[in-house]
Amino acid sequence: MSYNQYRPNNFQPIVKNLIIINALVFVAQLTLRITDKLMLYPIEAPQFRPYQIATHLFAHDPSNFFHIVFNMLALWMFGRILENVWGGKRFLLFYLLCGIGAAVLHLTIQHFQYQHALVLESQGQIEAAQRIADRLGPALGASGAVMGVAVGFAYLFPNTELYLMFIPVPIKAKWAMMAYVGYDLIFGITGGDNVAHFAHLGGAITGFVLVWIWNKRDRNRFY
């Protein structure tokens, strides 16, 4: 199916409700100061609570309005297409599983980084250990789940041309998503910023695997 031949509704109910929930949580963060309770802390941190695996998906940086705006814009752009194709129940399952996959990979990488920092500290490499520890902060945002949605869209509609910010020419969805994944992999390994790149990769991997499995099981209904 070509995306150009498909006419999705502007707002499917699950996408609409997800955006509303994220917006309400963002307002609550600004007014009730609950961000610290919603963020996903490393497992080794005393602030970690299992429920944060879910709550961090609906919380965003209250000091950066563009964080929630760009995530919700991407959710609307790609999510409404997938919800039209799959229906609400399957899309919601897909979205939540991508978010959980993002959290699992993020926490796993942080765990190994924490263990590596302990080894360095035991060897007297205090500065190196501290540099790693400084990167083990809490995470929040729907980016991991949204990344899975974007990858799912690229799998279904690989040749759809997308117009991306700061790039004056259209890029096919499959190449755009490969570029994003490569970007997250490089900066996830090298560090140097406050972005949870491995959470993005976890969502992307989960999204790809789910669509691949569903495609094999349900070829007659897939696009």
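Since the model is a prediction, treat every value here as computed from it, not as a measurement.

**Student:** With reference to specific residues and values, describe the overall build of the chain.
**Tutor:** Secondary structure assignment for the chain yields nine helices and two strands. Taken against the 2.2 N^0.38 rule, which gives 17 Å for 223 residues, the C-alpha radius of gyration of the chain at 18 Å falls within 12% of a compact globule. The burial tally for the chain puts 45% of its 223 residues in the buried class. Put simply, 70% of the contacts in the chain that link residues at least 6 apart link residues at least 24 apart. In the form shown here, the chain has an accessible surface area of approximately 12,500 Å², with 63% of it arising from carbon and sulfur atoms. Across the chain, the 16 positively charged side chains and the 11 negatively charged ones have centroids separated by 16 Å.

**Student:** Provide a residue-level description of the confidence of the model for the chain, including the pertinent values.
**Tutor:** Interpretation of this model should avoid reading the predicted coordinates in detail wherever pLDDT is low. Residue-level pLDDT values for the chain average 89, and 91% of them are 70 or greater. A low-confidence stretch, residues 1-6 stays under pLDDT 50, and its non-local contacts, those more than four residues away or across chains, total 11 contacts.

**Student:** Explain the packing of aromatic side chains to me, and be specific about the residues and the numbers.
**Tutor:** Summed over all chains, the structure comprises 10 aromatic pairs. Seen in terms of ring centroids, F26 and F65 are 6.2 Å apart; in terms of plane orientation they differ by 55°. Their pairing is tilted. Residue F26 is found in helix α1 (residues 13-32), and its partner F65 is found in helix α4 (residues 65-86); the two are separated by 39 residues along the sequence. Take F65: its relative accessible area is 52%, and that puts it in the exposed class. Centroid distance Y155 to F208: 5.6 Å. Interplanar angle 65°. Geometry classified as edge-to-face. Placement of Y155 in helix α7 (residues 143-156) and of F208 in helix α9 (residues 197-217) is noted, with a sequence separation of 53 residues between them.

**Student:** Account for the layout of surface pockets, naming residues and giving values.
**Tutor:** The calculated volume of the second largest pocket comes to roughly 200 Å³. Considering the residues around the second largest pocket, the lining is formed by V151, A154, Y155, P158, K174, M177, M178, V181, A204, I205 and F208. Put simply, the parts of the chain that give the lining of the second largest pocket at least two residues each are α7, α8 (173-190) and α9. For the lining of the second largest pocket, the leading source of residues is α8, giving four residues. Among the residues making up the lining of the second largest pocket, the classes are represented as 10 nonpolar, no polar and one charged.

**Student:** An account of the packing of α1 against α4 is needed here, citing residue identities and associated values.
**Tutor:** In the contact formed by α1 and α4, the axes pass within 9 Å of each other and the chain directions differ by 165°. Overall, the two elements α1 and α4 adopt an arrangement that is roughly antiparallel. Here the hand of the crossing between α1 and α4 comes out right-handed. Between α1 and α4, the residues in contact are P13, I14, V15, L18, I19, N22, A23 and F26 and F65, I68, M72, L75, W76, G79, R80 and E83, respectively.

**Student:** Summarise α4; cite the residues concerned and give the values.
**Tutor:** With 22 residues, α4 should cover 32 Å at 1.5 Å per step; its first-to-last C-alpha distance of 31 Å lies within 8% of that length. Taking the largest bend as the criterion, α4 deviates by roughly 35°, centred on G79. For α4, the side-chain oxygen to backbone nitrogen distance between the N-cap and F66 is 3.2 Å, and the N-cap itself is N64.

**Student:** Kindly report on the environment of T206, identifying the contributing residues and their values.
**Tutor:** Structurally, T206 can be placed in helix α9. Sequence separation of T206 and P158 is 48 residues, and the distance between their C-alpha atoms is 17 Å. Ignoring anything within four residues of it in the chain, the contact list for T206 reads L97, C98 and G101.

Conventions adopted
- Residues numbered from 1 in each chain as written.
- Predicted model: local features only at pLDDT ≥ 70, side-chain atom pairs only at ≥ 80, totals over all residues.
- Heavy atoms only, no water.
- Helix = DSSP H or I, 4+ residues; strand = E, 2+ residues; numbered from the N terminus.
- Rg over C-alpha atoms; globule rule 2.2 N^0.38 Å.
- Buried < 20%, exposed > 50% of the residue type's maximum accessible area, 1.4 Å probe, protein only.
- Contact = heavy atoms within 4.5 Å.
- Areas by Shrake-Rupley, 256 points an atom, 1.4 Å probe, with all protein chains shown as cover.
- Lys, Arg positive; Asp, Glu negative; His and termini not counted.
- Charge placed at Lys NZ, Arg CZ, Asp CG, Glu CD.
- pLDDT = per-residue confidence, 0-100.
- Phe/Tyr/Trp six-rings, centres within 6.5 Å; stacked < 30°, edge-to-face > 60°.
- 1 Å grid on protein atoms, 1.4 Å probe; cavity = no way out; pocket = protein on both sides within 12 Å on 5 of 7 lines; lining within 4 Å.
- Points joined across faces, edges and corners; volume = space filled by probe spheres on them.
- Nonpolar A, V, L, I, M, F, W, Y, C, P; charged D, E, K, R; others polar.
- Axes fitted to C-alpha atoms, helices over the stretch in contact; angles between N-to-C directions.
- Parallel < 35°, antiparallel > 145°, perpendicular 65-115°, else oblique.
- Left-handed = near helix turned anticlockwise from the far one by under 90°.
- Expected span 1.5 Å × (residues − 1).
- Bend = angle between axes of the 7 residues up to and from the residue.
- Polar contact = N/O pair within 3.5 Å; in protein donor to acceptor, adjacent residues only side chain to side chain.

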